[in-house]
Structure formats: C-alpha cells, structure tokens
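Take a look at the letters that make up each chain.
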Amino acid sequence: MRVEQLMALLEVEKAGSMNAAAEKLFMTQQNLSKMLKSLENELGHKLFITTNRGIQLTEAGLTVLKTAQAVVRQIDEMYQKML
C-alpha cells in the first residue's frame, strides 16, 4: 500500500467521480483506476461500486477511507513540524 493510493482514494471520494479526481491529480482516468484496482487487490476488497449517480464507497471502502484520512492527516502534521 502506498500513500499515493490513499490520497487518490480520498480525492475520488471528494470529487465523486474518477474523471474529476484524475483531472485534479493530473493523471489519466485509466491510471487512476489501475492504482485503485491495485489497492483493492492488495486489500482483498472492492472499495467502490458504480451507480447511475457516479461511484460510491462500499463498506470496506468507508473503512479504508477513514483510515486513509487519519494517515494523510498524520503525514501532513509531520511535514508541518519539519518546516
């Protein structure tokens, strides 16, 4: 698991779509999808489902999201302390 994957997960949830998140992250939607699929494979759980209103987090996705938020927050705090 890489921090970039967690940050991508957070951005997808925030943006509400893969396309919008990919644009914000300066990557293609295909690369973003591959990154998140790799995370799903590593964790052994599907994190998103596609609906007619976009994408939605699964139960496992919500669990990972909460942890990802905490991890990214701690990384940000570490950088702030080092500046």
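Structural data are supplied above this passage.
What you see is a predicted model; the values in this text were computed from it and never measured. (Residues numbered from 1 in each chain as written. Predicted model: local features only at pLDDT ≥ 70, side-chain atom pairs only at ≥ 80, totals over all residues. Heavy atoms only, no water.)

Trainee: Which residues make up the overall build of the chain, and what values do they have?
Mentor: Scanning the chain for helices and strands turns up four helices and two strands. Each helix and strand of the chain, ordered N terminal to C terminal, gives the series α-α-α-β-β-α. For 83 residues, the compact-globule formula gives about 12 Å, and the C-alpha radius of gyration of the chain, at 13 Å, lands near that figure. Taking the principal axes of the C-alpha coordinates as reference, the chain spans close to 45 × 25 × 20 Å. (Helix = DSSP H or I, 4+ residues; strand = E, 2+ residues; numbered from the N terminus. Rg over C-alpha atoms; globule rule 2.2 N^0.38 Å.)

Trainee: Can you break down the environment of Ala22 residue by residue, with the values?
Mentor: On the secondary structure map, Ala22 appears in helix H2 (residues 18-24). For Ala22, a relative accessible area of 2% gives the class buried. With 10 residues separating them along the chain, Ala22 and Val12 place their C-alpha atoms 7.9 Å apart. Residues within four places of Ala22 in sequence aside, it is in contact with Met27, Thr28, Gln29 and Leu32. (Buried < 20%, exposed > 50% of the residue type's maximum accessible area, 1.4 Å probe, protein only. Contact = heavy atoms within 4.5 Å.)

Trainee: Before we move on, can you summarise helix H4 (residues 59-82) with the specific residues and values?
Mentor: For H4, built from 24 residues, the straight-helix expectation of 34 Å at 1.5 Å per residue is met to within 8% by its first-to-last C-alpha distance of 35 Å. Burial in H4 covers these residues: Gly61, Val64, Leu65, Ala68 and Val72. (Expected span 1.5 Å × (residues − 1).)

Trainee: Please set out the nonpolar core residue by residue, giving values where relevant.
Mentor: Generally speaking, soluble globular proteins have nonpolar side chains that are buried together. Formed by 19 residues in total, the largest nonpolar core has its most connected members in Leu9, Val12, Leu32, Leu36, Leu47 and Phe48. The greatest single-element share of this core, amounting to five residues, is contributed by helix H1 (residues 3-15). Discounting chain neighbours no more than four positions away, the residues touching Phe48 are Leu9, Val12, Leu36, Glu40, Ile55, Gln56, Leu57 and Thr58. (Core = buried A, V, L, I, M, F, W, Y, C linked by side-chain atoms within 4.5 Å.)

Trainee: So what about the environment of Leu39? Which residues, and what values?
Mentor: Within the secondary structure, Leu39 is located in helix H3 (residues 29-43). Considered as a pair, Leu39 and Leu9 are 30 residues apart in the sequence and their alpha carbons are 9.3 Å apart. Residues in contact with Leu39, not counting those within four places in the same chain, are Met1, Gln5 and Leu47.

Trainee: Can you tell me about the side chain of Glu11, naming the residues and giving the values?
Mentor: With respect to the helices, strands and loops of the structure, Glu11 is situated in helix H1. Among buried charged residues, Glu11 stands out as having no salt bridge; its nearest opposite-charge side chain is Lys14, 4.7 Å away. (Lys, Arg positive; Asp, Glu negative; His and termini not counted. Salt bridge = Lys/Arg side-chain N within 4 Å of Asp/Glu carboxyl O.)

Trainee: Could you give an account of H1, naming the residues involved and the relevant values?
Mentor: Look at H1: 18 Å from first C-alpha to last across 13 residues, which is about the 18 Å you get at 1.5 Å a residue. Among all positions of H1, only Gln5, Leu6, Ala8, Leu9, Leu10, Glu11 and Val12 are buried. Turning to H1, the residues buried within the fold contact H2, H3, strand E1 (48-51), strand E2 (54-57) and H4. Once H1 ends, the next one or two residues include Gly16, with phi positive near 85°.

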